[in-house]
Amino acid sequence: MPLTQLNLGSELGVEILHHRWYALVLYQLTEDPTEFMDLRQAIRGISTFNLFTTLHKLEDWGLVDAFEDDNYSYQLTDNGLMFHRILRDFESWGNHALTNNLAI
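Keep in mind it's a predicted model, so treat the numbers as computed, not measured. (Residues numbered from 1 in each chain as written. Predicted model: local features only at pLDDT ≥ 70, side-chain atom pairs only at ≥ 80, totals over all residues. Heavy atoms only, no water.)

**Comments concerning the layout of surface pockets**
Estimates place the volume of the largest pocket at around 160 Å³. In terms of lining, the largest pocket is formed by Gly9, Leu12, Gly13, Ile16, Trp61, Leu63, Asn79, Met82, Phe83 and Ile86. Of all the secondary-structure elements, those providing two or more residues to the lining of the largest pocket are helix H1 (8–18) and helix H5 (78–99). Of the residues in the lining of the largest pocket, the class split is seven nonpolar, three polar and no charged. (1 Å grid on protein atoms, 1.4 Å probe; cavity = no way out; pocket = protein on both sides within 12 Å on 5 of 7 lines; lining within 4 Å. Points joined across faces, edges and corners; volume = space filled by probe spheres on them. Helix = DSSP H or I, 4+ residues; strand = E, 2+ residues; numbered from the N terminus. Nonpolar A, V, L, I, M, F, W, Y, C, P; charged D, E, K, R; others polar.)

**Side note on the pairing of strand S3 (residues 73–76)**
Side chains Ser73 and Gln75 project from S3 onto one buried face, and the interleaved Tyr74 and Leu76 project onto a second face that is buried too. In this sheet, S3 lies alongside strand S2 (residues 64–67) in antiparallel orientation, the contact comprising four bridges. Looking at S3, one finds that Val64 is bridged to Leu76. (Buried < 20%, exposed > 50% of the residue type's maximum accessible area, 1.4 Å probe, protein only. Pairing = 2+ DSSP bridges.)

Note that all results are geometric; they support no functional claim without further evidence.
Structure (structure tokens):
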């Protein structure tokens, strides 16, 4: 029987990859706290409002922890680190494909 629908976990992963800001924020963050404005400067093109709502959604999904210190800092949770590694694997695959002139 052919697969006609992804499971919920796969759908969430695809949603994160599909939404530009989700993936860029997860790619930029690490396990060390990053201040909101440093993150804002590192991700070109994102508005302050979009960054705030993106971080809030990623926090709801358990991928990011927020710290309400003087500058509002954010870091990846264990699940966020797992997805960060997946993004790095995608990057490696893409670089390999481009380097070896693979038709995509």
